[in-house]
Amino acid sequence: MRRSLLLLLGLLVLHQSGCFEFVIDGEWEDEEPGDYDHQDRHKRATLTSEEEEDFQAIRGDDITVKSYRVESRITSRFAHTTIRSSVINSDSRAQSIGFSMQIPKRAFISNFTMNVNGITFVGSVKEKTVARRLYAQATARNKAAGIVRTNSQDLETFNTEVHVPPGSNIEFELHYQEMMERKLGLYEHFLYLEPGRLVPQFQVDVYIYEPKGISKIETTNMLGEQFTKLIKVTSTKDKAHVLFKPNLQQQRKCENCTGSAIDGVFSVKYDVTRDSNAGELQVSDLHFVHFFAPSNLSPLPKNIVFVIDVSGSMWGVKMKQTVEAMKAILDDLNIEDRFSIIDFNHNVRCWREDLVPASSLQITDAKRYIQNIKPNGGTNINEALIRAAQMLVRASNQGFIDSSSVSMIILVSDGDPTVGEIKLSKIQKNVKRVMTEEFSLFSLGIGFDVDYDFLERIAMENRGMAQRIYANHDAAEQIRAFYSQVSSPLLKKVTIHFPEGTVTEVTQNYFDKYFSGSELVVAGKVQLSESNTLTSITSASAASLQFSLQTDADMTELDTELARQQHSFTGFAKQMWAYLTVKQLIRERSLAATVGIKRRITKQITDLALQHSFVTPLTALLVESEDGTERLLADSPRDPRQGCCTGGQALSGPVKVVYTSPPSWIQLSTSAPSTQHQRGPEVVALPPKVNIVDNDPHFIIHLPGSNMDICFNIISKPSHILSLVSDTGTGVVVNGQLISSKQPRKSKLSTYFGIISVYYQPEGVSVMVSTDQITMTDGRNSHSFTWGATAEITQDGVKISIVKNSHVSVTINNSIQVMVLLHRVWKKHPVNVDFLGIYIPNDNQYSPLVHGLIGQFSREPEVSVYDIHEGPDPLKEEATMEVKGNTLQVTRGWQKDYRDDKKRGSNIYCWFIHNSAKGFIDGHYTDYILPDLNSFLQTV
């Protein structure tokens, strides 16, 4: 059972002896999980107007603030922020001087120091009961001071207050750490600035270092138009510096005002460069972090049941805002989505008894239904959620749900159950019983009358998340912002593995879903080995395809680079691993089924927090003077308004939405994440002798019956599409589109293959390989992968195997293979361009109908070569060839196979046929020019 212990704050004057007295405001928590139905639900307080309006960073009647500086160092999405301020009591009287800072709820305070007239207080994180005991001992001797943490919307307020004599000098310094979360394609770092007065030395610095590069950076000015031009952003490929340094005059509200206009959020948003869908693997200080944020994937279809509380307490602004948000959400549904609406008070009503397609007619009718809702009566959450789950189960059993789709329930409520089953633990069990593993529950709690702790538990237990919606004028925007985070699921069942024996203590590595614009992060410790490379393998399903992606990282390269960076945070990987682990354990602790499990997790959290200096719900920051006689206590009490996890995830912009649950794609488990061995993408090997088209473009046809190689060039124009293989019997097409060099060389404009298309007609699957990316489409969905990672993708009998920056193999039904080789050139080369080579085995199992420039030779023609004699070039013999009833003059020469050596290649000696293979191929080469990349060849 939890019990609240509310104590009063008292302060005594700091006399010459330097004595303090302070009593902490907090909440004690026992280890017993108990039945949270019996908690005092009326503890849920709302913010008072004083809390909202009276915040000032520096408080005092007649004080001089000499300086106020904020510095954030963000390295690989992990931020270490330091706030420093220097203050003088200019009054002739002793007075209380306060220092306050609003920090993100997801952040952990890591240190605080204070110097008061030469007495230095240094912070250290301790287990909460130990810190409280030491603090109480100092209090009993009248030699203690204190620090409080209170809570407001998506920020926590750190407060300290000290009573000092006139002329006193006080210096404050606060440190906190947090991981940047990617939301809707951007990371956002925000700092709340409200010094409350003019400051001679006011400065904010945000330093960002991202090893892979920064793709975009922007600042959001919420401080006022007068400051827009004062925010300076400088950036290079992988670094950025944001500076805000207004002078005294620039800080004033008006030209002659004495008050400061600086009051609001200072926000920096950015995103990073990604060179592949396999993610970014970084290794530093024997810790690794894997960032996974793929793009260019088609969204999965959704099956959504919206469950809306329409009880009497929703009357007025709450209902109006909910209706406004729902209309926008319904407009955002795709035609492939299916949905229904359940509204409930003491009764439960269904707009439609079954899921319906999101057609324009259905959406119009649903919006009309929502608009006509009149809130009244009680709250029957239990029956509403059960009906919603049953609707999804029924649709699944009847075959209306696509196996690749995502099914979810979105609950919007503002109060506790009052009708039907009202025991929260029983409702939780009932819902879990009817929800299958394919369904997720997302809970939106409006205002502070709702039991947010319950909503969070029931969501996390069913592969979803909860969010607090503040019942104010922008509640509709908060609901829409939440929905936008989950409206575009791209992947299901994402697992990030590592080869056996390479890593330990890995954080959560299985994710139920991945949503567009977000990011999955896995961290752990690296095992020492002889190898200097760490490999990660990510497997997932998207629409109807499965894929496996591989990426590698050098074990020492990043540390060397970090040592060169002036403003980087060198310990980021170790701290991020600890941060993620603590966050994960806090969530698991909230779902612990027994006292024993909860105690075990409690010990893990405490040990990690102590090692890495995190102030968590289970630890406190004890700040002591150098001689140990003066003590302050920074506590992190459980916030009854927030739910089970103080410092949870935030999924919206500053000062608007609080997010305290794990990201929506996480599926929690009380067991340690698996690090079992996962097979990486398979490398497809071709026979030594194959048919080749490479360079500009040189064709090499291997005739296995006569063990002979025949070469020819096709002199065509850029943008022409040539048929290489066209088999109407198997439904397979291989075509290539020509590109040109940047300019002629010796009056000749060279052409190369820039795009290769492999089309499998029976399943409608097309694989488009270009020098930039590999794209797989099936008529409805499109998924793109870069050359920057080794990968394996399978769909409907088609398998793509990508070897990083080397080649891609396409296999159809294990019977037809095509390999495409990537040739990279210097980007600034005045003539050359990137191009592709094609390698096709002779043993492909085509039908008798196959044709094309290469396909026609699956039926090997009879070739006779005679009258071999020396030509004008003694290295190139000449001869006569009889083939297909034609007599041709041929030259002995060689072309290149670049599979083993892309720079020099290996020689293949062949008989060269002139005039674009006239007489050797059927018809004329222009007969093989096609209208588009998926076209079959007409009769030649």
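Within any chain, residue numbers begin from 1 and follow the written order of that chain's sequence. Per-residue local features are limited, in this predicted model, to residues with pLDDT of at least 70; the limit for side-chain atom pairs, both in listing and counting, is 80 or more; totals at the level of whole chains, interfaces and linings are taken over all residues. The side-chain numbers reported here are obtained from all heavy atoms of the structure, hydrogens and water having been left aside.

- Looking at an unreviewed UniProt entry, one finds the protein chain named Inter-alpha-trypsin inhibitor heavy chain H2, with Ataeniobius toweri as its source organism.
- In its Subcellular location (unreviewed entry) section, UniProt records this for the protein chain: "Secreted".
- UniProt's Sequence similarities (unreviewed entry) comment on the protein chain is quoted here verbatim: "Belongs to the ITIH family." UniProt positions are given in the numbering used here, feature names are shortened, and annotations may be inferred rather than shown by experiment.

Looking at the nonpolar core
- Among buried residues, those of type Ala, Val, Leu, Ile, Met, Phe, Trp, Tyr and Cys that are joined through side-chain atoms within 4.5 Å constitute a nonpolar core. Residue burial is assigned from relative accessible area. The probe radius is 1.4 Å, only protein chains are included, and a residue is buried under 20% of its type maximum, exposed over 50%, and partly exposed in between. Within the largest apolar cluster, 90 residues are counted, with the highest numbers of intra-cluster contacts made by F288, L491 and F920.
- Setting aside residues up to four positions removed in sequence, F288 forms contacts with L281, Q282, V283, F498, V503, V506, V522, A523, G524, K525, V526 and L534. Contacts are assigned to residue pairs with any non-hydrogen atoms lying within 4.5 Å of each other.

Comments concerning the sheet that holds strand β13 (residues 186–193)
- For two strands to be treated as a pair, DSSP must find at least two bridges joining them. Only runs of H or I of at least four residues qualify as helices and only runs of E of at least two qualify as strands under DSSP, and these elements are numbered from the N terminus. Read across the open sheet, the four strands follow the order β12-β13-β18-β15; overall the sheet is antiparallel. Each edge of the sheet is formed by a strand with only one pairing partner; in this case those strands are β12 (182–183) and β15 (214–221).
- In terms of strand pairing, β12 meets β13 through two bridges, oriented antiparallel. Paired with R182 across the two strands is Y187, which belongs to β13.

Some points on the pairing of strand β21 (residues 302–309)
- The element β21 is extensively covered by neighbouring structure, given that eight of its eight residues are classed as buried.
- Side chains K302, I304, F306 and I308 of β21 all project onto a buried face; the interleaved residues N303, V305, V307 and D309 project onto the opposite face, where all are buried too.
- Across seven bridges, β21 lies against strand β22 (residues 338–344) in parallel orientation. Each bridged residue has a counterpart across the sheet, and for N303 the counterpart in β22 is R338.

Describing the environment of T219
- Relative to the assigned elements, T219 resides in strand β15.
- T219 gets classed as partly exposed once you look at its relative accessible area, which sits at 29%.
- The residues contacting T219, other than those within four sequence positions of it, are I231, V233, V242, S267 and V268.

Things to note about the packing of helix α7 (residues 424–434) against helix α8 (residues 452–460)
- At a minimum axis distance of 10 Å, the contact between α7 and α8 shows a crossing angle of 20°. Classed by the angle they form, the pair α7 and α8 counts as roughly parallel. The handedness of the crossing between α7 and α8 comes out as right-handed. Side by side, α7 and α8 meet where L424, I427, Q428 and V431 of the first sit next to F454, R457 and I458 of the second.
- Looking at side-chain class alone, the contact of α7 with α8 contains five nonpolar, one polar and one charged residues. Whenever a helix is involved, its axis is fitted only over the stretch in contact; in every case the axis is a line through C-alpha atoms, and angles between N-to-C directions fall within 0 to 180 degrees. Orientation labels follow simple angle bins: below 35 degrees gives roughly parallel, above 145 gives roughly antiparallel, 65 to 115 gives roughly perpendicular, and whatever is left gives oblique. Handedness of a helix crossing follows the sense of rotation of the near helix relative to the far helix, less than a right angle counterclockwise being left-handed and clockwise being right-handed. Under the grouping applied here, Gly and all other residues not named as nonpolar or charged are polar, the nonpolar ones being Ala, Val, Leu, Ile, Met, Phe, Trp, Tyr, Cys and Pro and the charged ones Asp, Glu, Lys and Arg.

A look at unusual backbone geometry
- Its identity is not glycine, yet S719 carries a phi of approximately 80°, on the positive side.
- Position of S719 relative to the elements: it lies in the loop between β38 (708–713) and β39 (721–727).
- Taking relative accessible area as the criterion, S719 reaches 46% and is therefore assigned partly exposed.

Topic: the environment of N691
- Mapped onto the elements, N691 comes out in strand β36 (residues 690–694).
- On the basis of relative accessibility, which here comes to 4%, the residue N691 falls in the buried class.
- With 150 residues separating them along the chain, N691 and P841 place their C-alpha atoms 6.0 Å apart.
- Those residues within four positions of N691 in sequence are excluded, and the remaining contacts are I700, I701, H702, I838, Y839, I840, P841, N842 and I854.
- Contacts described as polar in this section are N or O atom pairs within 3.5 Å, which, within protein, must combine one atom able to donate a hydrogen with one able to accept it, while residues neighboring in sequence count only if both atoms come from side chains. Only 2.9 Å separates the side chain of N691 from the backbone nitrogen of H702, close enough to count as a polar contact.

Re the packing of aromatic side chains
- Stacked, tilted and edge-to-face are the three classes assigned to paired rings of Phe, Tyr and Trp, where Trp is represented by its six-membered ring and a pair needs centres within 6.5 Å; plane angles under 30 degrees give stacked, over 60 edge-to-face, the rest tilted. For the structure shown, the criterion picks out 21 aromatic pairs.
- Between F227 and F244 the ring centres are 5.6 Å apart and the planes differ by 90°, which places this aromatic pair in the edge-to-face class. Here F227 is found in the loop between β15 and β16 (231–235), whereas its partner F244 is found in strand β17 (residues 239–244), with 17 residues between them in sequence.
- Under the relative-accessibility criterion, F244 is labelled buried at 0%.
- Above the plane of the ring of F291 lies R77, whose end atom (NZ or CZ) is 3.7 Å from the centre.
- Two thresholds decide whether a charge sits over a ring: the Lys NZ or Arg CZ must be within 6 Å of the ring centre and within 35 degrees of the ring normal. The lysine or arginine in question, K583, covers the ring of F108, its NZ or CZ lying 4.4 Å from the ring centre.

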